[in-house]
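Okay, here's what each chain looks like letter by letter:
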Amino acid sequence: MCLSKSLLLALSTIALSLGLFSCSHNVHHSDMVYAYGTFWEVHLYEGKDEDLDEICDYIAETSRVLDLEASSVEDGLYALNHLGQVNAHPFLIDALSLALEMEKLTHGAFSYTVGDLTASWLDALGHGVLLEEEIVVDLLQKSRQTSIKIENESVIKTGEATIDLGALGKGLCLKKIKAKLDQKGFTKYLINAGTSSILFGENTSKSGETRVEIDDAPGRYFYAKNGALSVSSNSRQSYIIDEWTYSHIIDPRDGYPANNVDAVLLYGDDAAKLDALSTAYFVLGEEYASELEDMGYHVAMCKGGKVIYESAGFLE
Amino acid sequence: MKARGFWSKSRIVEACLIGTSFLLVGAVCLWLSLKDKSAANTADISLKGERLYSLTLDHQEEIDIPSDHGHILVDVDVGKIAVKSSPCPSQYCVHQGYKSHEGESIICAYEGLSITLRSVGGVEVIHV
């Protein structure tokens, strides 16, 4: 065999080996971010480290915008609450717009002005006592007297209650991330915002599906792929006083912890709306569950360790 | 000396080229494997071959593990893990410091402790 043929053979060997390696080599970039008061797990099964960094940076940035304590963010929620008017960050505008939409859609069960009431309840329940009725009435009144007005980039707040967008921030962030991933043409990923909001692409298994097991209804599960899940549940945060369980979700209609169900799971394509709706329908309960199906979402509601309402074909 | 039979001069050159190409491919594969090493989010802690803990690295925690010669103190700190103190004489496990990537491990041969990091690669089950 002449030298040129040997060289050709050697180069072919290199090309073939590298080709086989790249086919068999599963890319997996993952990282954790602390944002929105919880740990996020970000898994990308394609792309580069830079793509992962971009997503993690975006999560951290939007978290600061909606952070109630972030005094250094001039166009964020802290500034709005303390100054009453800001030229708002685009993410804040989107979050507030969504909050206004959800308020209208949910029979008053979603409110972006019950942050003070919720914080007071959690403080009291954490100390093993109930919040005094007088305080509930006062904070509820302040909540109802507070509103916002959006004019282009400017947001004006009236009223004394704190605007709190914790009930939809994570979902909105996931929705924006999905748009970024779609733009890059990525389909293989999983972003878990502390189990209350999860964005599913495809995983590396043959089916690409992730099995989701429901702690509030042991033995029940479903398979997720290319969708978003939002969970509002007592199992992650609730308080027991005198053998009675109090939820961390406050009903904006009467100012007391909601107690219709133990958990609501919503699965669909719009992570932002799912996040807000799971909180609202946790408050509303089983009676209103079919409305969620009319909106095109899969729903499951749990109470007492069992599923009491589920969309047909949703759970196994 | 003149090459005879199968191992003619051209055959030797050919063999060298193919051998070199395999070495090159191996080196590239190794480099890519190391380059793509992901952050771990789970650690398995075993003592004398028995798994004691399989824990996520999403929190801060100190774990006190009773061993043959005293206590081993393991420190978990959001995304990384280290042996903080050990009764072993060499202190090699302590000097390894924090580990945070999948596939990495910390071994204390004296006490029989091993900590192996892994990533929930291709997450297949989630509890909500």
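Along every chain, residues carry numbers that run from 1 in the direction the sequence is written. The naming scheme follows written order: chains are lettered A onward, ligands numbered 1 onward. In keeping with the predicted nature of the model, local features appear solely for residues at pLDDT of at least 70, side-chain atom pairs appear and are counted solely at 80 or more, and the whole-chain, interface and lining totals rest on all residues. Excluding hydrogens and water, the side-chain values take into account all heavy atoms of the structure.

Undergrad: Any chance you could break down the overall build of chain B for me, citing the residues and the numbers?
TA: Here a strand is any run of E in DSSP of at least two residues, a helix any run of H or I of at least four, and the numbering for each starts at the N terminus. Broken down by element type, chain B carries two helices and eight strands. Order of helices (α) and strands (β) in chain B, N terminus to C terminus: α-β-β-β-β-β-α-β-β-β. Taken across its 128 residues, chain B has 36% of its residues classed as buried. Note on definitions: a residue-residue contact is assigned when non-hydrogen atoms from the two residues lie within 4.5 Å. Partitioning the contacts of chain B with sequence separation of at least 6, the portion at a separation of at least 24 is 33%. When the accessible area of chain B is evaluated, it comes to approximately 7,400 Å², of which 59% is carbon and sulfur surface. Categorising residues by exposure relies on relative accessible area from a 1.4 Å probe, with only protein chains included: less than 20% of the type maximum marks a residue as buried, more than 50% marks it as exposed, and the intermediate range marks it as partly exposed. Calculation of accessible area relied on Shrake-Rupley with a 1.4 Å probe; when residues are assessed, cover is drawn exclusively from the protein chains displayed.

Undergrad: Explain the layout of surface pockets to me, using residue names and the numbers behind them.
TA: All names here are of chain A. In this analysis, the protein atoms alone were mapped onto a 1 Å grid. Cavities are point sets where a 1.4 Å probe fits without being able to get out; pockets are open sets with protein on both sides within 12 Å along at least five of seven lines; lining residues have an atom within 4 Å of a point. Grid points are joined across faces, edges and corners, and a volume is the space filled by probe spheres set on the points. Here the largest pocket defines a volume of roughly 1,400 Å³. As for the largest pocket, its lining consists of 42 residues, and the residues nearest its centre are D164, G166, A167, Q237 and H248. Top element by residues in the lining of the largest pocket is helix α5 (residues 115-126). It accounts for five residues. Looking at side-chain class alone, the lining of the largest pocket contains 17 nonpolar, 18 polar and seven charged residues. Think of it as three bins: nonpolar holds Ala, Val, Leu, Ile, Met, Phe, Trp, Tyr, Cys and Pro, charged holds Asp, Glu, Lys and Arg, and polar takes everything else, Gly as well.

Undergrad: Got a sec to walk through the sheet that holds strand β3 (residues 85-87) of chain A? Specific residues and values, please.
TA: Residue and element names in this part refer to chain A. Any two strands with at least two DSSP bridges between them are considered paired. Pairing in this open sheet of three strands is antiparallel, and the strands run β3-β5-β4 from one edge to the other. Every interior strand has two partners, whereas the edge strands, β3 and β4 (147-151), have only one. Going across the sheet, the axis of each strand differs from the next one's by a mean of 15°, ignoring polarity. Helix axes use the C-alpha atoms of the stretch in contact, all axes being lines fitted to C-alpha atoms, and the angles between their N-to-C directions lie in the range 0 to 180 degrees. Against the sheet, helix α4 (residues 90-105) makes contact with β3, β4 and β5 (154-158), and its axis sits at roughly 125° relative to β4, the strand it touches most.

Undergrad: Hey, could you go over the pairing of strand β10 (residues 227-233) of chain A for me, with residue numbers and the actual values?
TA: Residues and elements named next belong to chain A. Most of β10 sits inside the fold, with seven of its seven residues counted as buried. The two faces of β10 match: G227, L229, V231 and S233 on one face and A228, S230 and S232 on the other face are all buried. Here strand β7 (residues 197-200) pairs with β10 via four bridges, running antiparallel. In the sheet register, I198 faces β10, and the bridge partner there is L229.

Undergrad: Lay out a negative patch on the surface in plain terms, naming residues and giving numbers.
TA: Residue and element names in this part refer to chain A. Patch building starts from residues that exceed 30% relative accessible area and form no salt bridge, then joins like charges within 9 Å and nonpolar side chains (Val, Leu, Ile, Met, Phe, Trp, Tyr) within 5 Å. Whenever Lys or Arg places a side-chain nitrogen within 4 Å of a carboxyl oxygen from Asp or Glu, that contact is recorded as a salt bridge. His is not counted, nor are the chain ends, whereas Lys and Arg count as positive and Asp and Glu as negative. By convention, the charge on Lys lies at NZ, on Arg at CZ, on Asp at CG and on Glu at CD. Taken together, the side chains of D31, D49, E50, D53, D57 and E61 present a region of like negative charge at the surface. The element that contributes the greatest number of residues to the negative patch is helix α2 (residues 49-66), accounting for five residues. Within the element layout of this structure, E61 appears in helix α2. Looking at E61, the relative accessible area reads 34%, which means it is partly exposed.

Undergrad: Tell me what's going on with the nonpolar core, and back it up with residues and numbers.
TA: Across soluble globular proteins, nonpolar side chains have a tendency to be buried as a group. All names here are of chain A. Here, nonpolar core refers to any group of buried Ala, Val, Leu, Ile, Met, Phe, Trp, Tyr and Cys residues whose side-chain atoms link them within 4.5 Å. Counting residues in each nonpolar core, the largest one holds 66 residues, and the members touching the most others are W40, I59 and L165. Per element, the largest residue contribution to this core is 10 residues, and it comes from helix α8 (residues 271-284). With residues near it in sequence (within four places) discarded, I59 still touches V33, A35, Y36, W40, V42, C173 and I177.

Undergrad: Now, about the side chain of T106 of chain A: what can you tell me, with residues and values included?
TA: Residue and element names in this part refer to chain A. Along the chain, T106 falls in the loop between α4 and α5. What makes T106 buried here is its relative accessible area of 0%. The contact partners of T106, leaving out residues within four places of it in the chain, are L277, A280, Y281 and L284.

Undergrad: Hey, could you go over the pairing of strand β7 (residues 113-118) of chain B for me, with residue numbers and the actual values?
TA: Residues and elements named next belong to chain B. Residues L113, I115 and L117 of β7 are buried on one face, while the alternating residues S114, T116 and R118, pointing to the opposite face, are not. Relative to β7, strand β1 (residues 42-47) is paired through six bridges, and the arrangement is antiparallel. Its bridge partner being in β7, A43 is matched across the sheet by L117. In terms of strand pairing, strand β6 (residues 105-108) meets β7 through four bridges, oriented antiparallel. When the bridges of β7 are listed, S105 appears paired with T116. Linking two consecutive strands that pair antiparallel, namely β6 and β7, is a turn of four residues; a positive phi of about 75° is found at G112 within it.

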